[in-house]
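These are the residues of each chain, in order.
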Amino acid sequence: MITINRFLTIKYPNKRFFQRRTWPFISSGIQWIISILIPVPYLIYLVEGCARQEQTPYWLQIYSFVIFIIVPLILNAISNSLIFITVRSSSRRVAQAVAATTGPTAKMNHSSSRDTRLLKHMLFIFVAYIIGWLPVSCILLLNVDVYVNLTVSQFLRLLPIISSFITIFDLFFYNRDLTKYLTEKLFKYLHIK
C-alpha cells in the first residue's frame, strides 16, 4: 500500500485529492480493510477446524504463500516499475528543457544519477522483502519445518522482522518530509522539557 500510495502521489502531484489531509486516512482505511479481509479464510477454517480437530489444510498454506509473497511482489513490482517509468520520463523532459535553454551540461548527468539511485533504492527494498519473507513462507508451504535445524529455523523466523525493520528505517531516512517533521517534534519536545 505504501508503494501504491507513493506511485499515486508521484504520478498525480497536482491532484487536489492526493494533497488533502483525507488521503492518508483513506489510504490507511483501505489498508485496514484489506488487513481485516485477508484472514477471513483462517477464521472460517478455525471455526470449522476446531470442531473437527484436523491439521491445517494445504490450500490454506498455499493461500498464505500467495497472499504474503506472490501478491505483494507483483503489486510491488508493478508499482515500482510505474514509479520508475514516471520519474524517468519526468527526468528526460527536464533534461530536454534544460538542454534547450542552456545547452547540454552536467544537469543531464545529475538526472541520470538520480534515476540510478532511485532504481537501486527500489531494488534494495524489493530484495530485502524477498530475503525476509520468501524463506519462511517456503518452509511453511513445503511443510519442511520439521527437517530444518532448530537454530536455522529460529534464524529464518527472524528474517521477516529484520526485513520489516529495514523497510521502516528506509522509509524514515528517505522520506525527507517525515524526517523533518519528526526531528522538529523531537527538538520541540526536548526544548520544552
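Residues numbered from 1 in each chain as written. Predicted model: local features only at pLDDT ≥ 70, side-chain atom pairs only at ≥ 80, totals over all residues. Heavy atoms only, no water.

Put simply, the rule reads: UniProt positions are given in the numbering used here, feature names are shortened, and annotations may be inferred rather than shown by experiment.
Going by what an unreviewed UniProt entry lists, the protein chain is known as G-protein coupled receptors family 1 profile domain-containing protein and is assigned to Adineta steineri. The Subcellular location (unreviewed entry) field of the UniProt record for the protein chain holds the comment "Membrane".

**Things to note about the confidence of the model for the protein chain**
What counts is decided by this rule: Per residue, pLDDT measures the predictor's confidence, with a range of 0 to 100. Numbering of helices and strands starts at the N terminus; helices are DSSP runs of H or I of at least 4 residues and strands are runs of E of at least 2.
In this model, the protein chain carries a mean pLDDT of 77, and residues with pLDDT of at least 70 account for 85%. Within the protein chain, helix α3 (residues 22-37) carries the highest mean pLDDT (83), whereas helix α4 (residues 40-52) carries the lowest (71).

**Digging into the environment of phenylalanine 124**
Put simply, the rule is: Burial classification: accessible surface area is computed with a 1.4 Å probe over protein chains only, and a residue below 20% of its type maximum counts as buried, one above 50% as exposed, and the rest as partly exposed.
Looking at the element boundaries, phenylalanine 124 is found in helix α6 (residues 106-142). The class for phenylalanine 124 is partly exposed, based on a relative accessible area of 44%. Placed 42 residues apart in sequence, phenylalanine 124 and isoleucine 166 show a C-alpha to C-alpha distance of 9.9 Å.

**Regarding a nonpolar patch on the surface**
Test applied: A patch consists of residues exposed above 30% relative accessible area that lack any salt bridge, with like charges linked at up to 9 Å and nonpolar side chains (Val, Leu, Ile, Met, Phe, Trp, Tyr) linked at up to 5 Å. Residue exposure ignores everything except the shown protein chains as possible cover, and the areas themselves are Shrake-Rupley values with a 1.4 Å probe. In the sections that follow, a salt bridge refers to a side-chain nitrogen of Lys or Arg positioned within 4 Å of a carboxyl oxygen of Asp or Glu.
A cluster of nonpolar side chains, contributed by Tyr58, Ile62, Val66, Ile70, Val71, Ile74, Leu75, Ile78, Leu82, Ile85 and Leu142, occupies part of the molecular surface with about 930 Å² of accessible area. A per-element tally of the nonpolar patch places helix α5 (residues 58-102) first, with ten residues. With respect to the helices, strands and loops of the structure, isoleucine 78 is situated in helix α5. Residue class for isoleucine 78 comes out partly exposed when judged on its relative accessible area of 48%.

**Some words on the UniProt feature "transmembrane region" (unreviewed entry) in the protein chain**
UniProt marks residues 21-42, 62-85, 122-142 and 154-174 with the feature "transmembrane region" (unreviewed entry), using the numbering shown here. The span residues 62-85 is 100% helical and 0% strand by assignment, and the distance between its end C-alpha atoms comes to 33 Å. The straight-line gap between the two end C-alpha atoms of residues 122-142 is 29 Å; of that span, 100% is helix and 0% is strand.

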